[in-house]
Amino acid sequence: MVKNILGDLDTDSFVKLLSKLIDESKYVQNNPPDLIPEEDRIVKHVLDSLLPYSTQTGGGPLIVKHATYFPGRGNVIVEYPGTVPGKILSFVGMHMDVVTANPIDWDFDPFTLSIDGDKLRGRGTTDCLGHVALITELMKRLGETKPKLKSTVVAVFIANEENSAISGVGVDAMVKDGLLNKLKDGPLFWIDTADKQPCIGTGGIIPWKLRVTGKLFHSGLAHKAINPLELAMDAVKEIQLHFYRDFPPHPKEQIYGFATPSTMKPTQWHYPGGGINQIPAECTISGDVNSILRVSNLLPNGIKFNQFVGCQLLELLVIDVMKKLQEYVDDINNDIERLESRGPVSKYVLPDEDLRGRFIGASFHSLTISFDEAMPGVACDLESRGFHVLSKATEEVVGHVKPYAITGSLPLIRDLQDEGFDVQTSGYGLMSVYHAKNEYCLLSDMCQGYKVFLSIISQLED
């Protein structure tokens, strides 16, 4: 009955709304301190779509709240009331910020929606403005058709998902304020993953940083310098070789569908600047360890998730992983002369000058690795009603269900689980373009996502 009343996704309306959102994507890039998103630019379009069907305007049953904790950076909570008190389901996690995009690197303008057949192209189409538009269309349709539902349906559009440098803006602030408390009474579907399948686990993350000091000198006299850029690259390679030796892929990771094993790699590079013909005095290289860190739920057949991921990093705990990485660095410190270099004058020791390459901050001019705050992983409850409903809806609409897990980190989900929410995750963009250049989603996938939502609502009416 619900499916018949709500019908299929209005693709014209969806694309029109998504086009407006992508037009704003340049202004919602999240990379502080340089780029602080203005999520209210997205909020405006969401409210323009939903307020005509709200109690505020008298045009419909939707209860709409604009929750703001930082100027220009709002969240939106939309509620379609059901008839049975305490019976509720929610769609959360559709975030209104995006990762950065450099137009020079793209084959098309990332900040304008373009259409190529089934492809809807632009920054945020997959992550996560496409989902913002999709759930907006769902709530709009509920407001238009006014089906009589037992369950209250809630949508929560959030600010500040892509970067945790600034807190107290998005879902963390709303949870602290108690605005989402009643969502604990039913399944919470976090709509911010990809590939139309349930994502049932994520890894944790340990951010690390190496600051390297060499010797500044003219690049034409490289034998007089210690090149910190080369030293950093060779040191990271050595650390990675040790890491993957000690933490190889474990066969049982496949049971949970992890796309990758635990990884350790560089992701950022900084140096203080200088001429092209100048070997710099120092540099900083940063990265992360994405690891299978923390889970407690039971797999089918009584297999505990931590029984097999514990073979990796779970048993060591975060602090022990850090100690292991420190051991690798200490080994380099103790004999930096043996570190592989890059040619006859790429040296990390200048005996005549009694100089050694080193990582800033360590005693005795040795190598140092430092860590920022680590974040734990996530395991969804595979015995919950929410998981079974999502799985059935996926199989019904997509034709098959194959849950998967990733070692990417979703700390906001972990926080919600710790607060007592039954969180399940899914998404209808494409993992192949997640946080990548030339991002796009498929309109056909979004249409299927809409049908999955209708199936979830319908099943939970029973």
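That block above? That's the structure.
Residues numbered from 1 in each chain as written. Predicted model: local features only at pLDDT ≥ 70, side-chain atom pairs only at ≥ 80, totals over all residues. Heavy atoms only, no water.

(A) Representation of the side chain of Thr126 within the structure. Looking at where Thr126 falls in the secondary structure, it is placed in the loop between strand 5 (119-121) and helix 4 (129-145). A polar atom in the side chain of Thr126 sits 3.0 Å from the backbone nitrogen of Leu430. Those residues in contact with Thr126 that lie beyond four places of it in its chain are His131, Gly429, Leu430, Val433, Tyr434, Glu439, Tyr440 and Cys441. (Helix = DSSP H or I, 4+ residues; strand = E, 2+ residues; numbered from the N terminus. Polar contact = N/O pair within 3.5 Å; in protein donor to acceptor, adjacent residues only side chain to side chain. Contact = heavy atoms within 4.5 Å.)

(B) Summary view of the state of the cysteines. Under the defined criterion, the tally for this structure stands at zero disulfides. The structure places no disulfide on Cys380, whose sulfur is separated from the nearest cysteine sulfur, that of Cys199, by 6.8 Å. Residue Cys380 is classed as buried on the basis of its relative accessible area of 1%. (Disulfide = S-S within 2.5 Å. Buried < 20%, exposed > 50% of the residue type's maximum accessible area, 1.4 Å probe, protein only.)

(C) Quick peek at the pattern of salt bridges. The full count for this structure, using the stated rule, is 17 salt bridges. Taking the shortest distance from any N to any O, the salt bridge between Arg41 and Glu24 comes out at 3.1 Å. Here Arg41 is found in helix 3 (residues 40-50), whereas its partner Glu24 is found in the loop between helix 2 (11-23) and helix 3, with 17 residues between them in sequence. With a relative accessible area of 30%, Arg41 lands in the partly exposed category. For Arg41, the salt bridge goes to Glu38, with nearest N and O atoms at 3.2 Å. Several salt bridges share partner residues, and in doing so they unite Arg245, Asp246, Lys324 and Glu327 into one network. (Salt bridge = Lys/Arg side-chain N within 4 Å of Asp/Glu carboxyl O.)

(D) Structural view of the sheet that holds strand 4 (residues 114-116). Reading across the sheet, the three strands line up as 4-5-21 and stay open at both edges, with antiparallel pairing between neighbours. With partners counted over all chains shown, the strands left at the sheet margins are strand 4 and strand 21 (440-442), one partner each. Pairwise comparison of adjacent strand axes, ignoring direction, gives a mean angle of 25 degrees for this sheet. Bridge analysis of strand 4 against strand 5 gives three bridges, and the strand direction is antiparallel. Note that in strand 5 the partner of Asp116 across the bridge is Lys119. Along the sheet face, helix 12 (residues 443-459) touches strand 5 and strand 21 and points at about 60 degrees away from the line of strand 21. (Pairing = 2+ DSSP bridges. Axes fitted to C-alpha atoms, helices over the stretch in contact; angles between N-to-C directions.)

(E) Focus on the packing of helix 2 against helix 4. The interhelical angle for the contact between helix 2 and helix 4, taken along N-to-C directions, is 135 degrees, at an axis separation of 9 Å. Looking at the two axes, helix 2 sits oblique to helix 4. As for how helix 2 packs across helix 4, the hand of that crossing is right-handed. Note on element contacts: helix 4 touches helix 2 through Leu129, Gly130, Val132, Ala133, Leu134, Thr136, Glu137 and Lys140, opposite Ser13, Phe14, Leu17, Leu18, Leu21 and Ile22. Split by residue class, the contact of helix 2 with helix 4 holds nine nonpolar, three polar and two charged. (Parallel < 35°, antiparallel > 145°, perpendicular 65-115°, else oblique. Left-handed = near helix turned anticlockwise from the far one by under 90°. Nonpolar A, V, L, I, M, F, W, Y, C, P; charged D, E, K, R; others polar.)

Limitation: the analysis is restricted to geometry and does not speak to function.
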